[in-house]
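Spelled out, the chains give:
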Amino acid sequence: MTALLNVNGLTVKLPVMGELRTVLRDVDLELEAGKTLGLVGESGSGKSMTVRTIARLLPDGADVKGHVRFDGAEVFDLRGEALRRYRAGDVSMVFQDARAHTNPVRRMGDFLTEALCTNDRMPRRAAEAKAIQLLADVGISDPERRLRQYPHELSGGLLQRVMIAASVAVRPRLILADEPTTALDVTTQAEVMSILARMQAEYGMAVLFITHDLELAGAVCDDTIVLYAGQVVERQRSTQLHRDPLHPYTAALVQARPEIGHRARRLPAIPGHPTTAYEAPGGCAFAPRCRFAQDACRRAVPSLLQIGEQGSTRCIRMPDLHGRLLATTGAGDEASDHQRADAAEEATR
Amino acid sequence: MSETTVVAAQAVARKRGSGRQTVRFVLGRIGGLLATLFVASLVVFGALYAAPGNPLSFLTQGRSMTPEAIAVLEAQYHLDDPVWLQYLRWLGGALTGDFGTSIIYNQPVSQVLAARAPASALLIMMAAIIVLLAGLAVGAYAGLKPGLLSRSMMAGATAVMAVPTFVAAVVLILVFAVQLGWFPVFGAGTPGLDAVHHTTLPAIALALASVAFVGRLSQAAIRQELSADHVQTAISRGLPRRFIVQRHVIRNAAMPVLTVAGLTIAGLIAASVVIEQVFQLGGLGQLLVSSVQQKDFPVVQAICLVYVAAFIVLNTVIDLAYALLDPRIGLGRRTS
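Quick caveat: nothing in here was measured; it's all calculated off a predicted structure. (Residues numbered from 1 in each chain as written. Chains lettered and ligands numbered in written order. Predicted model: local features only at pLDDT ≥ 70, side-chain atom pairs only at ≥ 80, totals over all residues. Heavy atoms only, no water.)

### As for the overall build of chain B
Then comes step 1: Helix and strand counts for chain B come out as 12 helices and zero strands.
Then comes step 2: When the helices and strands of chain B are placed in sequence order, the string is α-α-α-α-α-α-α-α-α-α-α-α.
Then comes step 3: Classification of the 336 residues of chain B by burial places 37% in the buried group.
Then comes step 4: Long-range contacts, defined as pairs at least 24 residues apart, comprise 72% of the intrachain contacts of chain B with a sequence gap of at least 6.
Then comes step 5: Within the structure as shown, chain B displays about 17,500 Å² of accessible surface, and the carbon and sulfur contribution to it stands at 69%. (Helix = DSSP H or I, 4+ residues; strand = E, 2+ residues; numbered from the N terminus. Buried < 20%, exposed > 50% of the residue type's maximum accessible area, 1.4 Å probe, protein only. Contact = heavy atoms within 4.5 Å. Areas by Shrake-Rupley, 256 points an atom, 1.4 Å probe, with all protein chains shown as cover.)

Structure (structure tokens):
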């Protein structure tokens, strides 16, 4: 079975102050119909750019190389009416900031029905009935009244639910969810996630889910991709991700998270700061911050390495380090020995 | 049954609540308008009182008069009263439309004004229409279709904004009245189409800088709205561009533009004085200039007050219109 969404060797450069800056480098991903793929990474790692590229929402002047195929069709060959149909019926975006992404002077009813009325030529009454049904589905009380309200009259969580309702209204085959819960408080987050998951199961949609929350990705996604500096650095089953990461960066992310039930004296932060694709050094982009980095890491950009059936990684030391990444910095364990050895190596150079 | 009653009652309460708020909002604005007018009347009256020269010297026209004759004149024009009494008398009269008697024309000021107001009103209305139509058209085109033409239009607009009104008037007269002969050089014409024909050139001269300003402003507003996040949502839904522009770009960009355009049109009132003078339209502006020169205090005060009142009323109308256009401004605010 071919995947619903197939991204291959995607490299994107955006014009910034007169020059083209790389934001994505050689990104590959695959998503099958009805499945959920997580996209994890820090700010600036290229998560949002990836979905914007898939939805063809890049700014003018963007330079795109590689392939994005949806259901076998090359997305970047779509023009005019075909592009509109792709955006209208095939993929649907859920944006992070629902408030900024809804027109402040239009009622929620307009927001929910405009796509149905315009693209599907549904009569206004039928579209409104459907909107009311959808609002009820996403757990919004008194939906008739909501249709007459303006965005500023709704809370953030409510607005995000309306956003999700509007996205699923057109029955897309793929939902691109760009950090849909990041702006919400934790309890609302959980509700919104469960609504999204329920809608997905009900309508059999595939979801490309962006988050910077590893645990959330682990809970809702089948597979997860970790992005760093515009590159895929790891891909594997979500359930394995925080137990057996395949890349030092993922491991560091896992360790930087506090865990309920453990009293941590001090959270291990990742040294240095996140790199964008544009500033990334030659060789492995994570090498300057990696406690396992060796000379070889800095020489050439590593390619994706398959680790058995489990997944793939962009770390050349993985065959050696596999399974030992999470053995923490506690005294005397192997990983910190490694670190010390590395540090010594560094010093002698 | 009881459930429907409750729902209906809630709906009525909601409606009544928002209705009350609307009334309170409008009343508040009208109260503000009256307060501003009151302050303006103080300033108008005080400014002329503080101005050099006094009406008595104009009434006597430099002749030496007997103290009795002066006393009669002072009594006739109430110049012997204390200032505050003069002000109150003037204000009381103004409220009933009686602005006193013109020193020069020896007629009631209201009559003098009424004869000249239509020419000014026509000029300002025609200029306002030109500002809105041409300014919004230029701005919308330049905002929606970026390119060489749009860029040159915006550059041209910047240049036009820098041209003083009276210079524009003289150039327009030279080209369209003297050389091409399409329009009369000066005069207001007879009421009706002839008046419109006579006022066209003055209205264009008056509107020109504001057209450029409103054009630039609406171009900027449209460009900003085009890159707004909510427009990106609309694009991501595959809606046709025409639909997105109509529904999400123009409407949202219209709010700031209409506010500033309204203020600009209000500003035309002041600029119209110069234009009336250049084109000899015989309106309020021209009367104002001659009355100031002749120290016809009652007429100057009345015209100033009319101008200020027109400006403030226009401002209030803009405020109310904005509140209607933007649901976020609390006319009928309901909470979720």
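Moving on from the coordinates now.
### Some thoughts on the confidence of the model for chain A
All names here are of chain A.
Then comes step 1: Of the residues in chain A, 92% have a pLDDT of 70 or more, and the chain-wide mean is 83.
Then comes step 2: Helix H13 (residues 334-348) is the least confidently modelled element of chain A, averaging 48 in pLDDT, while strand S3 (residues 36-40) averages 91, the highest of any element.
Then comes step 3: Below a pLDDT of 50 lies the segment residues 330-338, which in the model reaches 15 contacts outside its immediate sequence neighbourhood of four places, other chains included. (pLDDT = per-residue confidence, 0-100.)

### Section: the nonpolar core
Then comes step 1: Formed by 102 residues in total, the largest nonpolar core has its most connected members in Leu5(A), Ile54(A), Leu174(A), Leu176(A) and Leu208(A).
Then comes step 2: With nine residues, helix H6 (residues 156-169) of chain A is the single largest residue contributor to this core.
Then comes step 3: In contact with Ile54(A), not counting residues within four places along its chain, are Leu5(A), Val7(A), Val68(A), Val75(A), Tyr86(A), Leu174(A), Leu176(A) and Leu208(A).
Then comes step 4: Core analysis: the next-biggest nonpolar cluster, separate from the first, contains 35 residues, Ile173(B), Ile222(B), Phe243(B) and Val257(B) among them. (Core = buried A, V, L, I, M, F, W, Y, C linked by side-chain atoms within 4.5 Å.)

### What to know about helix H11 (residues 284-293) of chain B
Residue and element names in this part refer to chain B.
Then comes step 1: For H11, every residue scored as buried is listed here: Leu-284, Gly-285, Gln-286, Leu-287, Leu-288 and Ser-291.
Then comes step 2: Packed against the buried residues of H11 are helix H5 (109-144), helix H10 (241-279) and helix H12 (297-325).
Then comes step 3: Phi turns positive, to about 55 degrees, at Lys-295, one or two residues after H11.

### Structural notes on the sheet that holds strand S5 (residues 73-74) of chain A
Residue and element names in this part refer to chain A.
Then comes step 1: The antiparallel open sheet is built from four strands, whose spatial order is S2-S1-S4-S5. Among the strands making up the open sheet, the edge pair consists of strand S2 (19-31) and S5.
Then comes step 2: Pairing of strand S4 (residues 63-70) with S5 involves two bridges; the strand directions are antiparallel. Bridge pairing in S5 places Arg-69 opposite Glu-74. (Pairing = 2+ DSSP bridges.)

### Examining the sheet that holds strand S10 (residues 231-237) of chain A
Residue and element names in this part refer to chain A.
Then comes step 1: The eight strands lie next to each other as S6-S7-S8-S3-S9-S10-S12-S11, forming an open sheet whose pairing is mixed. Looking at strand neighbours, the two that pair on one side only are strand S6 (91-94) and strand S11 (305-307), the edges of this open sheet. On average, each strand axis in the sheet is inclined to that of its neighbour by 20 degrees, with strand direction left out of account.
Then comes step 2: Of the pairings in the sheet, the one linking strand S9 (residues 223-228) to S10 comprises six bridges and is antiparallel in character. Each bridged residue has a counterpart across the sheet, and for Tyr-228 the counterpart in S10 is Gln-231. (Axes fitted to C-alpha atoms, helices over the stretch in contact; angles between N-to-C directions.)

### With respect to the pairing of strand S8 (residues 206-211) of chain A
All names here are of chain A.
Then comes step 1: Across the six residues of S8, six count as buried, placing the element largely inside the fold.
Then comes step 2: Neither face of S8 is exposed, since Ala-206, Leu-208 and Ile-210 on one face and Val-207, Phe-209 and Thr-211 on the opposite face are all buried.
Then comes step 3: In the sheet, S3 pairs with S8 via five bridges, with the strands oriented parallel. Pairing of Gly-38 across the sheet is with Phe-209, part of S8.
Then comes step 4: Note that strand S7 (residues 174-178) and S8 share five bridges and pair parallel. Note that in S8 the partner of Ile-175 across the bridge is Val-207.
Then comes step 5: With helix H7 (residues 186-203) bridging S7 and the parallel S8, this β-α-β connection has right-handed handedness. (Right-handed = clockwise from strand over helix to strand, strands pointing away.)

### Concerning the side chain of Thr118(A)
Then comes step 1: Topologically, Thr118(A) is positioned in helix H3 (residues 108-119).
Then comes step 2: With near-sequence residues (within four places) excluded, Thr118(A) lies in contact with Leu239(B), Pro240(B) and Phe243(B).

### Brief notes about the pairing of S10(A)
Residue and element names in this part refer to chain A.
Then comes step 1: Among the seven residues in S10, five count as buried, and that is most of the element.
Then comes step 2: Here S9 hands over to S10 after two residues, with Ala-229 in that stretch at a positive phi of 50 degrees.
Then comes step 3: Note: S10 against strand S12 (residues 311-313), three bridges, orientation antiparallel. Its bridge partner being in S12, Arg-235 is matched across the sheet by Ser-312.

### Brief notes about unusual backbone geometry
Then comes step 1: With a phi close to 50 degrees, Asp26(A) is a non-glycine residue in the positive phi region.
Then comes step 2: Here Asp26(A) is to be found in strand S2.

### Quick look at the interface of chain A and chain B
Then comes step 1: Taken together, the 32 residues of chain A in the interface contact 24 residues of chain B.
Then comes step 2: Interface area, chain A with chain B, both sides summed: about 2,600 Å², of which 50% is carbon and sulfur.
Then comes step 3: The largest share of the area that chain A buries against chain B comes from Val105(A), Arg106(A) and Glu114(A), three residues that together contribute 22% of it.
Then comes step 4: Linking chain A with chain B are 13 residue pairs in polar contact (both at pLDDT 80 or more).
Then comes step 5: Elements with a contribution of two residues or more to the side of chain A that touches chain B: helix H2 (80-90), S6, H3, helix H5 (143-147) and H6 of chain A.
Then comes step 6: With six residues, H3(A) is the largest single contributor of residues to the side of chain A that touches chain B. (Buried area = accessible area lost by both parts, 1.4 Å probe. Polar contact = N/O pair within 3.5 Å; in protein donor to acceptor, adjacent residues only side chain to side chain.)

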